[in-house]
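Residue-level structural notes
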Amino acid sequence: MNRRTWDSDWPAPAKLNLFLHVVGRRVDGYHLLQTVFRFIDRADTLHFAPRTDDDIVLATPIPGVPADSDLTVRAARLLQQATGCRQGATIHLAKQLPMGGGLGGGSSDAATVLLALNHLWQTGLTRPQLEQLGLTLGADVPVFVHGRSTFAEGIGEAFTDIELPTESYLVLHPDVHVPTAAIFGAPELKRDTPAILPGDWRHGDGHNDLETVACAKFPAVAAALAWLKTKAPHAMMTGSGACVFAGFPRRSEAEAALAALPAGLRGWVADGLPAHPLAEIE
Ligand SMILES: C[C@@](CO)(OP(=O)(O)O)[C@H](O)COP(=O)(O)OP(=O)(O)OC[C@H]1O[C@@H](n2ccc(N)nc2=O)[C@H](O)[C@@H]1O
Ligand SMILES: Nc1ncnc2c1ncn2[C@@H]1O[C@H](COP(=O)(O)OP(=O)(O)O)[C@@H](O)[C@H]1O
């Protein structure tokens, strides 16, 4: 088991949705999805310090996000409540992932808090228990707790793990913040893509049903996607945007495409991970 201490670095990696189909809608309005999650080696980093009281303090608040609504603070308080734990923690968050980027940064931060404090406080919740707890924070949190490349269903909480090939990604980050709720709430969103069996999915299959809506509402997303498709016809948006990405079998190919990026577009290259870096933590 991967022992870590209060002094350790705790990574919170980004995810890509290699496809994302909207296959229905629940009575509460949440959308039923089918998607494949892949973790990549671009990450936020968290550090934790013990406290003599039971407070949860975020030492590095994000501008525009009140500490009480920050997903890291909410995750830590949730774990205290669920376990009756009387210990506190000071959280340091070094943010690298863009917010509203479709990379799941906030959700990944929350999952890393659940995994790290469960380990450091020795609160003893199992990974499935932490996944369930995470789901109350957001639909994307459970997969980061789960920690494996996986075919996800439901709102993103029912998993069939899969192996993915080694791949590097060119990720473009249009300079816009896409609000997830606005994309899911759009009347024109296609919500009836036929469901497939997880075992029938092949790498490269599928599309992102949220892409048409996000591109119509945010021309910068459409522009980034249009350029990326000239380099890689299979380019796609991740999650509800704003980022778009294309996979390449070799890192050098992704870097060559990055080198051709026109002025006005921003991007970076990341490698796909075989699993979340905390996949073995208990
Ligand atoms: C679209 C995805 C795909 O991985 O990623 P992101 O673009 O956020 O990274 C996720 O499903 C996003 O998960 P997450 O960002 O945690 O969403 P939540 O906070 O739970 O929900 C934000 C809002 O989006 C809508 N929502 C979200 C998920 C879902 N399956 N159906 C929905 O209708 C709801 O209106 C909800 O109020
Ligand atoms: N620790 C956090 N990091 C990022 N966003 C956070 C955090 N806590 C709360 N949020 C809120 O969650 C929203 C979604 O952020 P994020 O998960 O990074 O994007 P996405 O859902 O597009 O992948 C942000 O706009 C912000 O208001």
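Residues numbered from 1 in each chain as written. Chains lettered and ligands numbered in written order. Predicted model: local features only at pLDDT ≥ 70, side-chain atom pairs only at ≥ 80, totals over all residues.

**A look at the overall build of the protein**
Threshold: Secondary structure elements follow DSSP: runs of H or I of four or more residues count as helices, runs of E of two or more count as strands, with numbering from the N terminus. To get the radius of gyration, use the C-alpha atoms; to get the globule rule, take the number of residues to the power 0.38 and multiply by 2.2 Å. Each residue is classified by how many other C-beta atoms fall within 10 Å of its C-beta atom, where C-beta atoms are placed from the backbone; a count of 20 or more means buried, 12 or fewer means exposed, and values in between mean partly exposed. Residues are scored as being in contact if the C-beta atoms we place from backbone atoms lie within 7 Å.
Check the secondary structure of the protein and you find eight helices and ten strands. For 282 residues, the compact-globule formula gives about 19 Å, and the C-alpha radius of gyration of the protein, at 19 Å, lands near that figure. Taken along the three principal axes of its C-alpha coordinates, the protein extends 55 × 45 × 35 Å. Within the protein, buried positions represent 42% of all 282 residues. Counting contacts in the protein only where the partners sit at least 6 residues apart, residues at least 24 apart contribute 73% of the total.

**Details of the site of ligand 1**
Worth spelling out the cut-off: In this entry, near means the residue's backbone-placed C-beta atom lies within 6 Å of the molecule or strand. Any residue outside Ala, Val, Leu, Ile, Met, Phe, Trp, Tyr, Cys, Pro, Asp, Glu, Lys and Arg is labelled polar, Gly included; the first ten of those are nonpolar and the last four are charged.
Contacts to ligand 1 come from 20 residues, most closely from G138, D140, F184, G239 and S240. Those elements that provide at least two residues to the shell around ligand 1 are β1 (10-25), β2 (31-50) and α5 (180-184). Of the residues assigned to the shell around ligand 1, the class counts are seven nonpolar, twelve polar and one charged.

**Some thoughts on the UniProt feature "active site" (unreviewed entry) in the protein**
Stated formally: UniProt positions are given in the numbering used here, feature names are shortened, and annotations may be inferred rather than shown by experiment.
Following the UniProt record, the feature "active site" (unreviewed entry) maps to K15 and D140 here. The greatest C-alpha distance among the annotated residues, which extend across 126 residues, is 9.6 Å, indicating that they converge on a single site. By the secondary structure assignment, K15 is in strand β1. Non-local contacts of K15, meaning those with residues more than four positions away in its chain, are made with F37, R38, F39, L103, G104 and V143. For D140, a count of 28 C-beta atoms within 10 Å corresponds to the buried category.

**Points about the site of ligand 2**
Lining the immediate environment of ligand 2, one finds 19 residues, of which L71, M99, G105, G106 and D109 sit closest. Among the elements of the structure, α1 (71-83) and α2 (105-120) are those that each provide at least two residues to the shell around ligand 2. A per-element tally of the shell around ligand 2 places α2 first, with four residues. By residue class, the composition of the shell around ligand 2 is six nonpolar, eleven polar and two charged.

**Looking at α2**
This is how the line gets drawn: Expected helix span is given by 1.5 Å per residue-to-residue step, counting one fewer step than there are residues.
Between its first and last C-alpha, α2 extends 22 Å over 16 residues, near the 22 Å set by a 1.5 Å rise per residue. Directly beyond the C-terminal end of α2, a positive phi value near 55° is found at Q122.

**A word on the packing of α1 against α2**
We apply this condition: With axes taken as lines fitted to C-alpha atoms, and helix axes fitted only over the stretch in contact, angles between N-to-C directions fall between 0 and 180 degrees. In this scheme the crossing of two helices becomes right-handed for a clockwise turn of the near helix relative to the far one and left-handed for an anticlockwise turn of less than a right angle.
Taken N-terminus to C-terminus, the directions of α1 and α2 make an angle of 35°; their axes are 8 Å apart at the nearest point. The hand of the α1/α2 crossing is right-handed. Seen from α1, the contacting residues are L71, T72, R74, A75, A76 and L79; seen from α2, they are G106, S107, D109, A110, V113, L114, L117 and N118. Tallied by class, residues from the contact of α1 with α2 come to eight nonpolar, four polar and two charged.

**Observations regarding the sheet that holds strand β9 (residues 244-248)**
To keep things clear, this is the line we draw: The rule for pairing is simple: two strands pair if DSSP sees at least two bridges between them.
Strand order in the open sheet made by the four strands is β8-β9-β7-β10, with antiparallel pairing throughout. Looking at the sheet topology across the chains shown, the edges are occupied by β8 (236-237) and β10 (267-271). Here five bridges tie strand β7 (residues 168-172) to β9, and the two strands are oriented antiparallel to one another. Counterpart to S168 in the pairing with β9 is F248. Docked against the sheet, helix α7 (residues 219-231) engages β7, β8 and β9, running at close to 15° with respect to β9.

**Quick notes on the pairing of strand β4 (residues 89-94)**
Burial along β4 is one-sided: A89, I91 and L93 are buried, while T90, H92 and A94, pointing the other way, are not. With six bridges joining them, β2 and β4 adopt antiparallel strand pairing. By the bridge assignment for β4, A49 is matched with T90. Judged from the three bridges that link them, strand β3 (residues 56-58) and β4 form a sheet pairing that is parallel. Within β4, the position partnered with L58 by the bridge is I91.

**A word on the nonpolar core**
The criterion, for reference: Each nonpolar core reported here comprises buried Ala, Val, Leu, Ile, Met, Phe, Trp, Tyr and Cys residues connected via C-beta atoms within 7 Å.
L114, Y169, V244 and F245 are the most contacted members of the largest nonpolar core, which has 70 residues in total. When residues in this core are grouped by element, the largest group, eight residues, is from β2. The residues touching V244, leaving out its near neighbours within four places in the chain, are L172, V221, A224, L225, L228, A235, M236 and M237.

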